[in-house]
Amino acid sequence: MNTAHAINTKTNEHGQYLSFALGTDEYAIKILRVQEILSICPITALPQTPPHVRGVMNLRGAVVPVIDMRGALGLATEPYGKFTVIIVLSVRGRTVGFVVDSVSDVLSFEEGAIERSPDLGGRVDASLVSGIARTQDRFVVLLDTDRVVGADVPGLAA
Amino acid sequence: MSDIQIDMDGLLDTFFEEAEEHLAAFENGLLELEDNPGNRDVVARIFRAAHSIKGASGTFGLTDVTRFTHALETVLDRVRSGDLAYSRELAQVFLPSVDVLRALMRAAREGSAAPAEAASIRVELEKFFVGSASAAPHADAKAAAPVSASREVRVHFVPKLEFMSRGMDPLAMVRDLADVGEIVSREIDASKVPELSCLDPEQMHLSFWIGLKTEKTDKEIAEVFAFVDDLCTFEIVAKVEAAPVVVKEAAPEVHEHAPAEKTAAAAADHGGGAKAAAPAATIRVSTDKVDKLLDLVSEIVIAQAMIVDASRASGQDAETRLNEALGSLDRHTRELQERVMSIRMVPLASVFGRLPRMVRDLAATVGKKVRLVVEGETTEIDKSMVEQLSDPLTHLVRNAVDHGLEFPEDRIKKGKPEEGVVRIRAFHQGGNVIIEVSDDGKGLDTAVIRAKAERLGIVTPDAVLTNDQIHDFIFSAGFSTAAKVTDVSGRGVGMDVVKRNVEALKGSLSLSTELGTGTAMRLRLPLTLAIVDGLAVRVGAQTFVVPLLSVLESFRPGPSQVRGVLGSGEVIDMRGTSVPIVRLHELMNEPNAERDPSRALLCIVEANGQSLALLVDDVIGQAQFVVKSLEVNYRKVPSLMGATILGDGRVAMIVDVQSLARHTGRGADASFSASEAA
Amino acid sequence: MSKLVLVVDDSLVIRKMVCQTLVKLGFETCEAADGMAGLEAAKGKELALVITDYNMPRMNGLEFIKELRTVDGHKFTPVVFLTTEMEETLRNEARAAGATAWVVKPFQPEKIISVVQKIAA
């Protein structure tokens, strides 16, 4: 059984992002795509799949793939910790889970605060990034959710 | 008495559903009779079908339908009793009757007028009646109402000894007499009752004298005894010479018909009323499925009670109990969902139903000899797909007959049997339903297709293509290489439309062909729900499911039975053959599995005529597993048929034996090509 | 305590109609789709009445009535036989088999009511 934290979808979701951490870096994805957040649960491995595709999990009777966000972005993997969670995304009728180190906050960015086509210095696959936002004291990398999911799940690339 | 109202309207839907089934049985029976006119079982069957429709339609006052089916029934009765042979002539009338009957029912349903052909076909049918008088159901004239004043009679009712042998209560006679008049006196004659010691309680020894004041005629009083007139004698004696009683002797005893006319007339108005709205869609469900659902609901109620119970508990195992209870609820609700989904699954037979008739008609029209073979009609698909599948399937079959098969003379010249075979085969494979439509006709000429494709500009002359790719061109718009055959309503049909229809169902269409031998079209459709009988096996810490259909046997091999073969892995020698071994732990990257076959088990499976030995730690048991497609949220994974959720909530993989078989022997590195993963 | 009636007919719509009528009259009903199922249903039950069709698969109405009369407790159970004018000659056979009364098809609910009140009141 999983403990689920439902996302509050009542407020205006446009321009709202869910931010999460991978190591010391902060990333964010549009809240619209986020279905729920789960704590780590049993994952059954799939054969013949890339290593960052961890396998599948049972989400209330549905078989949902679980992908390491680190691996999806081309970063090195880390062992799971106390705060590691799965962000469940719903993209074009498909449900996919991504493992992240921890979830931070729900943030709103104004268009002016977002820099599109930034220079990321080759750390992250640039095609997956939709921009960088500046908030208070830090930068948040905004991800193009459809592309991130589409990299592993066929038929979704924009 | 008649203040009891039955909702006849509500029953109409059921009537039409049932009638449709009888009609289908009638039609199929007729087709069988074509090949086998002497078959008495088939004749009895179609008689019963017509008879059932007639009986039920009469109840609802659908006189057009009743009249027509009555004619069918009358002729069929003659055939049934051997009076009339099922001739060519008869067939010419019966086959169109099916369409007429269908149209009549549609008219009844919609409240529109009966089709014109109904009358003319009925006249044709009547030609086969005995003599000229049509035995149409007509209500005989009601017995003329007698004019009689109130009079007093004495009814002497003498039951025979065996009066009660049919379950009739003698006092019922007395009660009924009370209905036709006023009982003024009763006398029981017990003189014939024997001594208690030799009394047989099942025999009737009493007789009755009932004095009755009534306005009814003797005839009407006699009706009270209608059911038992062979079990008793009765006399109606006029007590007093009263005013002249004029009793008209009416038509012969039509006791049961008289009320029927009245009610039929009333019902005719009722039946003629507009039934314009389309009937609500319904599903017939086997009581078995419903019973299982009810069982599940009980389990859910129990699980819920367990949760309430556990939530009140305290102490160390409170949390465990709550988790167990929640787990149980989770499992059962999931199963409930799946079972309800399975109610929507109907056998393909409902889609295949019209095909035999269509093939027969088409073959006759184009002048070919065709035999249709249908296999796997019990394979189930979701009800919602049935409607959309009918058209593409029909087109494929028509294509096979019209374009695939050669004319009888040409077939003989090629050394083939005169009669061409169109075979429809349906089965489950993985998370899909496969329907194959194949013919043993002339096959596709790759060169001709290529030439046409070039002519149409779809491909350049220098492009390098595989045969499969060339064959795929026939699915391009406007491609058809022969004159299109128009279907029943006169529209032309192209393979591109068929492919589009199939893709709209999220399916795929592919073909294989051999020039001179035949063509096979393969429809692959996803299943909303598939249940597979499987063998659960353990490999390391993981559980896998192997479809039971593929499993031959499992055993622990001796160390000497397993040997390595240079260049192609390991094999196990059994009964004279060597079967390749597939190390599931390697394939599935399971590090903790048993690697020594003589300490593990080999599960021998078979697919496509090839055998494999799967190395597993242990066999856990057999069960039914719901196949969850990996393609819904992810994609097809080679070597896997899908996933399933075990009782404890874990996901387990279901092995695709066919896929494994295809790749064994291609080297120890069982890597799968990109096309496999597509 | 409600009286129980067994309705045997292979037509679902006829069964439904008859049962609905019986229920309105205050009876309880049980059903079977052919003679063999009818025998199974009748065993061990106390029936106020049995209503059966003639033309049914597996075992027709006549055979059913004959067999029913040999079953414990049903020697004297009233049986109503549903017949069509096609089957007039059957009525005598029905009597011989042990049918108590008959109703001719097509019939309206009223017909069932009058027959039932006659023999199973």
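Shown above is the structure to which this text applies.
Conventions and cut-offs
- Residues numbered from 1 in each chain as written.
- Chains lettered and ligands numbered in written order.
- Predicted model: local features only at pLDDT ≥ 70, side-chain atom pairs only at ≥ 80, totals over all residues.
- Heavy atoms only, no water.
- Pairing = 2+ DSSP bridges.
- Helix = DSSP H or I, 4+ residues; strand = E, 2+ residues; numbered from the N terminus.
- Axes fitted to C-alpha atoms, helices over the stretch in contact; angles between N-to-C directions.
- Contact = heavy atoms within 4.5 Å.
- 1 Å grid on protein atoms, 1.4 Å probe; cavity = no way out; pocket = protein on both sides within 12 Å on 5 of 7 lines; lining within 4 Å.
- Points joined across faces, edges and corners; volume = space filled by probe spheres on them.
- Nonpolar A, V, L, I, M, F, W, Y, C, P; charged D, E, K, R; others polar.
- Buried area = accessible area lost by both parts, 1.4 Å probe.
- Salt bridge = Lys/Arg side-chain N within 4 Å of Asp/Glu carboxyl O.
- Polar contact = N/O pair within 3.5 Å; in protein donor to acceptor, adjacent residues only side chain to side chain.
- Core = buried A, V, L, I, M, F, W, Y, C linked by side-chain atoms within 4.5 Å.
- Buried < 20%, exposed > 50% of the residue type's maximum accessible area, 1.4 Å probe, protein only.
- Domains from an automatic or database assignment.

Caption draft 1: The arrangement of the sheet that holds strand S4 (residues 79–84) of chain C in detail. All names here are of chain C. In space, the five strands of this open sheet follow the order S2-S1-S3-S4-S5, with parallel pairing throughout. Whereas interior strands pair on both sides, the edge strands pair on one side only; in this sheet they are strand S2 (28–32) and strand S5 (101–105). Shown here is a sheet whose adjacent strand axes are inclined to one another by a mean of 20°, direction ignored. Its contacts with the sheet place helix H1 (residues 12–24) against strand S1 (4–8), S2 and strand S3 (49–52), and it is angled at close to 165° to S2.

Caption draft 2: Spotlight on empty space enclosed by the protein. This structure, assessed with the given rule, holds four cavities of 30 Å³ or more. The computed volume of the second largest cavity comes to approximately 70 Å³. As for the second largest cavity, its lining consists of His51, Ser52, Gly55 and Ala56 of chain B together with Asp9, Asp10, Ser11, Ile14, Asp53, Asn55 and Lys105 of chain C. A total of four residues in the lining of the second largest cavity trace back to one element, the largest contributor, which is helix H2 (residues 40–59) of chain B. Here the residues of the lining of the second largest cavity are counted per class, giving two nonpolar, five polar and four charged.

Caption draft 3: Up close: the interface of chain A and chain B. Every contact between the two is made by 24 residues of chain A and, on the other side, 23 residues of chain B. Carbon and sulfur atoms supply 61% of the area that chain A and chain B bury against each other, a total of about 2,000 Å² over both sides. It is Pro47, Gln48 and Val63 of chain A in chain A that bury the most area against chain B; as a group they hold 30% of the surface buried on that side. Inspection of the chain A/chain B interface yields zero salt bridges. Counting the contacts that link chain A with chain B gives six residue pairs in polar contact (both at pLDDT 80 or more). Broken down by class, the residue content of the side of chain A that touches chain B amounts to 15 nonpolar, seven polar and two charged.

Caption draft 4: Fine view of the nonpolar core. Among the nonpolar cores identified, the biggest contains 115 residues, and Phe26, Phe94 and Phe163 of chain B together with Leu6 and Ile51 of chain C are the most heavily contacted of them. For this core, the element with the highest residue contribution is helix H4 (residues 88–110) of chain B, accounting for eleven residues. There are two domains that each give this core at least three residues, and those are domain 1 (8–144) and domain 2 (151–251) of chain B. Not counting the four nearest positions on each side in its chain, Ile51 of chain C is found in contact with Val5, Leu6, Val7, Val8, Val18, Leu22, Val80, Leu82, Ile112 and Val116 of chain C. Counting residues in hydrophobic clusters, the runner-up holds 64 residues, among them Val56 and Val153 of chain A together with Val546 and Ile645 of chain B.

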